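Structure assessment
Here's the letter readout for the chains.
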Amino acid sequence: MASINIPFTFVVSTSESENLQDLLDDEALILKNKSHEIEPYLNGRCIYLVGMMGSGKTTVGKILSQAIDYSFCDSDTLVEQDVGVTTVAELFQIYGEDFFRDKETKALEKLSGVHRYVVSTGGGAVIRDENWTCMGKGISVWLDVPLEELARRIAAVGTKTRPLLVNEQGDAYTKAFRRLSDLFEQRYKAYENASARVSLENIAAKLGYIDVSNITPAMIAIEAIEQIGHIL
Ligand SMILES: Nc1ncnc2c1ncn2[C@@H]1O[C@H](COP(=O)(O)OP(=O)(O)O)[C@@H](O)[C@H]1O
Ligand SMILES: O=C(O)C1=C[C@@H](OP(=O)(O)O)[C@@H](O)[C@H](O)C1
Ligand SMILES: [Mg+2]
């Protein structure tokens with residue numbers, strides 16, 4: 001495999017909630033045990049998390065990478081470092097979305113040549129066929145989260161973090177929900193191309209939860225491993 005020059009080394013930057021040691025004991029144990037079940041069949045293929053903004057790709061990706069002893073990469077971070085900006089929002093403001101999409105594709109092209117990475121993609125990575133060509137060399141997993149939950153999470157962190165939401169009017173939740181609904185309508189068929197799907201509504205049903213708000217990132221990582229196991 002030709003060595004790909006990725007202009008930085010990744011250290012899995014884990015905040016408190018994204019470190020296996022800080023998960024509930026049973027979650028960490030289940031993650032480790034389930035990871036051992038699939039590891040021999042992964043053959044080092046990268047795992048690409050796809051899904052709408054706010055679906056937890058970056059958060060779950062860090063946990064999943066540690067569980068399966070993979071490195072972690074967030075394609076947005078790769079683009080920010082490549083361009084020399086601090087945030088994607090800043091990049092959109094200076095260079096625009098088309099420039100961002102070209103850089104996003106270049107990042108995925110670079111990543112298509114490495115192994116043993118969990119890659120958290122940006123929510124719009126699914127809209128370009130050339131990105132699917134890159135991700136097709138690995139295993140893609142769609143984190144399918146209800147729009148209300150996406151809007152709640154993004155409102156909690158502030159819509160300024162997502163440049164595609166900033167021009168909407170109204171309170172943070174309403175403008176996030178409105179724009180996310182439009183984007184999902186445009187993209188859901190693209191997300192369905194993923195190798196596997198993690199539905200938070202299905203997890204809630206399995207656990208007897210009334211909604212998805214209490215499903216932790218670790219539970220989602222566990223379900224992702226289960227769904228990957230079904231397609232190996
Ligand atoms: N399972 C979860 N439950 C509650 N909040 C979550 C969960 N997963 C992620 N979050 C929160 O939602 C926001 C978006 O998560 P992030 O990982 O950045 O998603 P993405 O990379 O898909 O946009 C963050 O504030 C994160 O802390
Ligand atoms: O949905 C999108 O088009 C985008 C999602 C963002 O990533 P996250 O999904 O990690 O928020 C980031 O790539 C950019 O703001 C565009
Ligand atoms: Mg992200």
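Residues numbered from 1 in each chain as written. Chains lettered and ligands numbered in written order. Predicted model: local features only at pLDDT ≥ 70, side-chain atom pairs only at ≥ 80, totals over all residues. Heavy atoms only, no water.

Per an unreviewed UniProt entry, the protein chain carries the name shikimate kinase and comes from Salix suchowensis. Recorded in UniProt for the protein chain, the comment headed Sequence similarities (unreviewed entry) runs: "Belongs to the shikimate kinase family." The record in UniProt for the protein chain states the following under Pathway (unreviewed entry): "Metabolic intermediate biosynthesis; chorismate biosynthesis; chorismate from D-erythrose 4-phosphate and phosphoenolpyruvate: step 5/7." (UniProt positions renumbered as here; feature names shortened; annotations may be inferred.)

Attention now moves to the packing of helix H2 (residues 57–67) against helix H10 (residues 217–231). When two helices pack together, their arrangement is captured by the angle between the axes and the distance separating the axes. Axis separation between H2 and H10 bottoms out at 9 Å; the angle between their running directions is 65 degrees. Taken as a pair, H2 and H10 cross one another with a handedness that is right-handed. Where H2 approaches H10, its residues Thr59, Val60, Ile63 and Leu64 are matched on the opposing element by Pro217, Ala218, Ile220, Ala221 and Ile225. Across the contact of H2 with H10, the residue classes tally to eight nonpolar, one polar and no charged. (Axes fitted to C-alpha atoms, helices over the stretch in contact; angles between N-to-C directions. Helix = DSSP H or I, 4+ residues; strand = E, 2+ residues; numbered from the N terminus. Left-handed = near helix turned anticlockwise from the far one by under 90°. Contact = heavy atoms within 4.5 Å. Nonpolar A, V, L, I, M, F, W, Y, C, P; charged D, E, K, R; others polar.)

Turning our attention to the environment of Pro163. Secondary-structure assignment places Pro163 in the loop between helix H7 (147–157) and helix H8 (172–191). Pro163 sits in the buried class, given a relative accessible area of 18%. Aside from chain neighbours lying at most four places away, what touches Pro163 is Val88, Ala89 and Phe92. (Buried < 20%, exposed > 50% of the residue type's maximum accessible area, 1.4 Å probe, protein only.)

This part takes up the site of ligand 2. In the vicinity of ligand 2, 13 residues are found, and the nearest of them are Lys57, Asp76, Arg101, Arg162 and Arg187. Separating an oxygen atom of ligand 2 from a backbone N or O atom of Gly123 is a distance of 2.9 Å. One of the side-chain N or O atoms of Arg162 is found 2.8 Å from an oxygen atom in ligand 2. For ligand 2, whose accessible area on its own is 390 Å², the fraction buried by protein is 96%. (Near = heavy atom within 4 Å. Polar contact = N/O pair within 3.5 Å; in protein donor to acceptor, adjacent residues only side chain to side chain. Areas by Shrake-Rupley, 256 points an atom, 1.4 Å probe, with all protein chains shown as cover.)

With six of its six residues buried, strand E4 (residues 139–144) lies for the most part within the structure. In E4, alternate side chains face the same way, and those of Ile139, Val141 and Leu143 on one face and Ser140, Trp142 and Asp144 on the other are all buried. Direction of pairing for strand E1 (residues 47–50) relative to E4: parallel, over a ladder of four bridges. Residue pairing across strands places Leu49 opposite Val141, the latter belonging to E4. Bridge count for E4 against strand E5 (residues 196–199) is four bridges, and the pairing is parallel. In the strand pairing of E5, Val141 is matched with Ala196. (Pairing = 2+ DSSP bridges.)

Turning our eyes to something else, we now look at the packing of helix H1 (residues 25–42) against H10. Closest axis-to-axis distance for the H1/H10 pair is 9 Å, and the angle between their directions is 25 degrees. For the element pair H1 / H10, the angle class is roughly parallel. You can see that H1 and H10 cross each other, and the crossing is left-handed. On H10, the residues that touch Glu27, Ile30, Leu31, Lys34, Ser35, Ile38 and Leu42 of H1 are Ala218, Met219, Ala221, Ile222, Ile225, Glu226, Ile228 and Gly229. For the contact of H1 with H10, the class distribution of residues is ten nonpolar, two polar and three charged. (Parallel < 35°, antiparallel > 145°, perpendicular 65-115°, else oblique.)

Here we take up the nonpolar core. Side chains that are nonpolar tend, in soluble globular proteins, to be buried together. Counting 73 residues, the largest nonpolar core has Leu31, Ile47, Ile68, Val141 and Leu180 as the members making the most contacts within it. In terms of residues, this core owes the most to one element, H10, which gives eight residues. In contact with Val141, other than residues within four places in its own chain, are Ile47, Tyr48, Leu49, Val50, Ala194, Ala196, Val198, Ala224 and Ile228. (Core = buried A, V, L, I, M, F, W, Y, C linked by side-chain atoms within 4.5 Å.)

Our focus in this paragraph is the pattern of salt bridges. On inspection of all chains with the given rule, the structure shows twelve salt bridges. Between Lys103 and Asp82 there is a salt bridge whose closest N-O contact spans 3.5 Å. Separated by 21 residues along the polypeptide, Lys103 in helix H5 (residues 97–111) and Asp82 in helix H3 (residues 75–83) bring together distant segments of the chain. The network of salt bridges with shared partners includes Lys34, Lys206, Glu223 and Glu226. (Salt bridge = Lys/Arg side-chain N within 4 Å of Asp/Glu carboxyl O.)

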